[in-house]
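Descriptive analysis of the structure
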Amino acid sequence: MFRWTRPPSYGLARSPQIISKKPSDSRTTETLKTCIADQHSGRVSSDVMDNMGLEPQVVPKRRLKDVQFGFASADYEASHDPDLLLRGFVDPLRLVDEAKTSRKSLFLGYKGSGKSALGEHLLLLSKSDPHLFVRFINIADISFSTFSQICKGVIEPEARYPMVWSWLLLLFLLDSFSKDQGSNYVHDQDLFLSIESLKQVGLLPQPELKGLVNITADKSFSFKLTTLIGSIETTLKAASAPVDFPFLVDRLKLVSTRFESESKHLLIIDGFDELLRRGHLQYDALGCLIFEANRLNMDFAAKGVPAKIILLCRTDLFERLPGPNKNKIRQNAAVHIDWYRPPEYPRQSQLVNLINRRASLAFREPTDVFTTYLPSTLRSDGTGDIRAQILDNTRHLPRDIIMLFRNLQNYSGDRVMTPSQISSGLAQYSRDYFIPEIQDELDGYISGEQISFFMRLVGSIRRISVSLNDLDAQAKKLGNPQDFDLIGILRVLFECSAIGNVELGSTRSAIITTFKFRNRHASLNESRPIILHRGLWSGLGLRW
C-alpha cells in the first residue's frame, strides 16, 4: 500500500501572511481572519484583498511544470530519479508479486507499456531488501554472430541454441547464488567447488553477457569443473568442444538444483526491442531463449530452488518468434501488461492514477492533476471528461501519457490550463513525440525509406480516415518506391496501434473504431476504412 509521508515542513498549508496598511482595530482583525480563510479556500482573490487595503504575501503556488512526471525510458529514470520507480510506481496488475512469488515469468507488453520499468523497480527494491537478489541483463549486448559459432558444425541449432542459453543463464544464476550469505553455498561442497572452479577460469564473478559469449566461443577455452559425481576435468578445445559442452551444461543444471536459501533470486532479461533491426538470425535464437528459460524455471520450481528467470518481451516480437510450444508457454507462464480501460470510466484508468501519483510525489501530498490544473473538458459545449479526452491522444501506455504531460507542461502557467494551451501542448506532443515513436516502432520491420515515404503519403492526403484504394492511388501519384509494400506497412501500423479500422455501428450515425490497444486479438480489416490514431492528427496536419 502506498503511504504518504508528510515531513514537518509540509504540514497543513500555512495561511498567507498579511501586512495591513491600516491601523488595526477589532473589525479589521475580523476582516483579516475572514479574508485569510476565504483566500485559502479560493473564495476571494488577491485583487479583492488589495482593494480592501491589504497586501497579501502568499506562499508560491505549486505549478504543473514543477512536477517531474518521468522520462521516455526506464533505465534513464532509474539513473536520474529512482524515486519515480519506487514511490511513484503504479502496479494495478500486481506485476511485482507475479514476478517475485508466482509461477509467471514471461511479461509481455507493447513498446512503452512499462516492461523495463518493472525490471528497474525490482532491481531498486533489491537494494534495500536483503532477501531479494536481482540481476538485470540486457540481451541487446549479445553478438548473435558470435553466439551462433558456439559448437557450430556438430550440433544442430535447434538443440545447440537451448543448450547455449542454459549455459549462459546458469552462469548468471550461480554468480547470484554465491553472493547469498544466508544460503547453503559455502556448506554444500559440490556447489561451492563448482562455483570456485568457474571463478578460477574467469567466468565468475560478475559475468557480462557479451564477455561470456566471446569466452565460450573461443576455441582455446579450457577449464576444470568439480561436479556432483566427483572431480571431473572437462576441457573445451577445438577437437572436443562439441562432445564436452553438453556434458558440462548438464552438470551445471544438477549443481544449480542443490541451491537452498530463504531469499529469492531473480534473473531479469530485457532489451528485446533493440534486436529487431539486426536481421533474421536472432528470431530462432530468441525463440530458443524463451523455451529454455521456461524449462529451467520449471526445473527450479520442481526442485524448490528459490530462483526464477524473468523475460520482458514485446508482444509483437513474441508473436513473430518460431516455436511449436509458444501458446503453451504463454498460457502457463505469461502475463500480458494491459493498461486499457473502457472510455466510459476514465476516472478508473490507472494511467490517470499514475499521473496523479507522480504529482503527489512531487508535492508531498495527494494531488489530482486533472481537477487542479486542467479544465473539465476541451469541448466548447461543456460535454465530455478531460481525462477521457487526454487518454484519447495515447495508446493507453504509460510512456505515451508521461510524454504527453511533459509536453503540456511547456504551455502551462500559474493558473488552470485553457483548452487553447492544451491544444498547443497536444500539437507539440504529436509532432515531437508521437510521430517519432511510431517511426521507431516500424524500424526493424520496415526500411527507413518506406517509413519516410508512408509518412509523406499520409501527410499529402491530410485526412484522418481514408480507404486502402485512396492510399494506393495517392502512393502511385507520389511515385512510390519499387518495393513499397502498402499492405505490409498497414499491418505493422495496426499492430502498434498507429492506425485502426472504422466499423459500422448499430445506426448510420454510430461510428465504431477498432484499435489493437483496445483488443490485442484484433487484426487489420483491409476492406474497411482506415483511421489514424488521434495522436498523429496534429503533427501530420490531418482533418476529417
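Residues numbered from 1 in each chain as written. Predicted model: local features only at pLDDT ≥ 70, side-chain atom pairs only at ≥ 80, totals over all residues. Heavy atoms only, no water.

Details of the overall build of the chain
Our working definition: Helix and strand assignments follow DSSP, with helices taken as H or I runs no shorter than four residues and strands as E runs no shorter than two, numbered in order from the N terminus. When a residue's accessible area, from a 1.4 Å probe over protein chains only, is under 20% of the maximum for its type it is buried; when over 50% it is exposed; and in between it is partly exposed. Here, two residues are considered to be in contact whenever any of their heavy atoms come within 4.5 Å of each other. Areas reported as accessible are Shrake-Rupley estimates using a 1.4 Å probe. Residue values count occlusion only from the protein chains shown.
Assigned secondary structure in the chain consists of 22 helices and 13 strands. In the chain, buried positions account for 50% of the 544 residues. For the chain, long-range pairs separated by at least 24 residues make up 70% of all intrachain contacts whose partners lie at least 6 apart in sequence. Of the roughly 26500 Å² that the chain leaves accessible, carbon and sulfur atoms contribute 49%.

Looking at the pattern of salt bridges
Pairing is possible between side chains that carry opposite charge, provided their charged atoms lie close to one another. Here is the rule: Here, a salt bridge means any Lys or Arg side-chain nitrogen found within 4 Å of an Asp or Glu carboxyl oxygen.
In this structure the tally under the stated criterion is 26 salt bridges. For Glu208, the salt bridge identified is with Arg135, shortest N-O distance 3.7 Å. Of this pair, Glu208 sits in the loop between helix H8 (189-200) and helix H9 (209-217) while Arg135 sits in strand E4 (residues 132-138), and the two are 73 residues apart along the sequence. Of the charged contacts in the structure, one is a salt bridge between Glu526 and Arg491, with a shortest N-O distance of 2.8 Å. With Glu526 in the loop between strand E12 (511-514) and strand E13 (530-532) and Arg491 in helix H21 (residues 486-495), this pair connects stretches of sequence that are 35 residues apart. Here the salt bridges share partners, and the residues they tie into one network are Arg135, Asp175, Lys179 and Glu208.

Let's talk about the environment of Asn356
Mapped onto the elements of the fold, Asn356 is located in helix H14 (residues 350-363). Classification of Asn356 as buried rests on a relative accessible area of 13%. Sequence spacing of Asn356 and Pro366 is 10 residues, and the spatial spacing of their C-alpha atoms is 7.8 Å. Asn356 has contacts with Thr367, Asp368, Val369 and Phe370, leaving out every residue within four places of it along the chain.

Some thoughts on the packing of aromatic side chains
Note the cut-off: Here is the rule: rings of Phe, Tyr and Trp (six-membered ring for Trp) pair when centre to centre is within 6.5 Å. Planes less than 30 degrees apart are stacked, more than 60 are edge-to-face, and the remainder are tilted.
This model, assessed by the stated rule, comprises 14 aromatic pairs. Each ring, one from Phe147 and one from Tyr161, has its centre 5.4 Å from the other, and the planes form 45°; the classification is tilted. Here Phe147 is found in helix H6 (residues 144-147), whereas its partner Tyr161 is found in helix H7 (residues 157-177), with 14 residues between them in sequence. Of the residues examined, Phe147 reaches a relative accessible area of 1% and is grouped as buried. Take Tyr161: its relative accessible area is 5%, and that puts it in the buried class. Between Phe147 and Trp165, the aromatic rings sit 4.7 Å apart at their centres with planes inclined by 40°, giving tilted as the arrangement. Of this pair, Phe147 sits in helix H6 while Trp165 is found in helix H7, placing the two residues 18 residues apart along the sequence. According to the relative accessible area criterion, Trp165 is buried, its value standing at 2%.

Points about the sheet that holds strand E9 (residues 334-336)
For clarity, the threshold we go by: For two strands to count as paired, DSSP must find a minimum of two bridges between them. Helix axes are fitted to C-alpha atoms over the stretch in contact, other axes to C-alpha atoms as well, and angles between N-to-C directions run from 0 to 180 degrees.
The strand order across the open sheet formed by five strands is E4-E7-E8-E3-E9, and the pairing between neighbours is parallel. Every other strand in the sheet has two partners, leaving E4 and E9 as the edge strands with one partner each. In this sheet, adjacent strand axes meet at a mean angle of 20° when their direction is disregarded. Bridge analysis of strand E3 (residues 106-109) against E9 gives three bridges, and the strand direction is parallel. Residue Leu108 lies in a different strand from E9, and its bridge partner there is His336. Across the sheet, helix H13 (residues 326-333) is in contact with E3 and E9; its angle to E9 comes to roughly 75°.

Some words on the confidence of the model for the chain
Keep this limit in mind: The pLDDT score gives, residue by residue, the confidence of the prediction method on a 0 to 100 scale.
Of the residues in the chain, 82% have a pLDDT of 70 or more, and the chain-wide mean is 84. Overall, residues 1-60 carries pLDDT values under 50, and its contacts beyond four positions in sequence, including any with other chains, amount to 58 contacts. Every residue in residues 223-243 is under pLDDT 50, and counting partners more than four places away or in other chains gives 53 contacts.

Overview of the pairing of strand E11 (residues 499-504)
Here three bridges tie E11 to E13, and the two strands are oriented antiparallel to one another. Across the sheet, the residue bridging to Asn501 is Ile530, located in E13. Relative to E12, E11 runs antiparallel, the two sharing four bridges. Across the sheet, residue Asn501 finds its bridge partner in E12, namely Thr514.

Considering unusual backbone geometry
A cis geometry characterises the amide bond from Leu204 onward to Pro205, with omega recorded as 0°. Mapped onto the fold, Pro205 is located in the loop between H8 and H9. For Arg94, which is not a glycine, the phi torsion comes out positive at approximately 55°. Position of Arg94 among the secondary structure elements: in the loop between helix H3 (74-80) and helix H4 (95-101). For Arg94, a relative accessible area of 53% puts it in the exposed group. Here the phi dihedral of Arg462 falls at roughly 60°; this positive angle occurs in a residue that is not glycine. Topologically, Arg462 is positioned in the loop between helix H19 (448-461) and strand E10 (465-466).

Side note on the packing of H19 against helix H20 (residues 468-477)
Each pair of packed helices gets described by two things: the angle between the helix axes and the distance between those axes. To keep things clear, this is the line we draw: The scheme is simple: roughly parallel for angles under 35 degrees, roughly antiparallel for over 145, roughly perpendicular for 65 to 115, oblique for anything else. Any residue outside Ala, Val, Leu, Ile, Met, Phe, Trp, Tyr, Cys, Pro, Asp, Glu, Lys and Arg is labelled polar, Gly included; the first ten of those are nonpolar and the last four are charged.
Where H19 contacts H20, the two axes come as close as 10 Å, and the packing angle between them is 110°. With respect to each other, H19 and H20 are oriented roughly perpendicular. Contacts from Phe453, Leu457, Ser460 and Ile461 in H19 reach Asp470, Leu471, Gln474 and Ala475 in H20. Residue composition of the contact of H19 with H20, by class: five nonpolar, two polar and one charged.

Side note on the nonpolar core
As a reminder, the rule being used: Residues belong to a common nonpolar core when they are buried Ala, Val, Leu, Ile, Met, Phe, Trp, Tyr or Cys residues joined through side-chain atoms within 4.5 Å.
Counting residues in each nonpolar core, the largest one holds 153 residues, and the members touching the most others are Ile139, Phe147, Trp165, Trp167, Ile390, Phe405 and Leu490. Among the elements that line this core, the one with the most residues is H7, at 13 residues. Excluding anything up to four places from it in sequence, Phe405 contacts Phe69, Ile355, Val369, Phe370, Leu374 and Ile390.

Section: the sheet that holds E11
Within the open sheet, the four strands sit side by side as E10-E13-E11-E12. Their pairing is antiparallel. With one partner strand each, in any of the chains shown, E10 and E12 form the two edges of the open sheet. Direction of pairing for E10 relative to E13: antiparallel, over a ladder of two bridges. Looking at the pairing, Ser465 lines up with Ile531 of E13. Across the sheet, H21 is in contact with E11, E12 and E13; its angle to E11 comes to roughly 90°.

Some thoughts on the side chain of Ser261
Where we set the bar: Polar contacts, as used here, are pairs of N or O atoms within 3.5 Å; protein pairs need one atom able to donate a hydrogen and one able to accept it. Residues neighboring in sequence count only if both atoms are side-chain atoms.
Checked against the element boundaries, Ser261 lands in the loop between helix H10 (241-256) and strand E7 (264-270). Classification of Ser261 by relative accessible area gives buried; the value is 18%. Only 3.0 Å separates the side chain of Ser261 from the backbone nitrogen of Ser263, close enough to count as a polar contact. Apart from residues lying up to four places away in sequence, Ser261 is in contact with Asp180, Gly182, Ser183 and Pro306.

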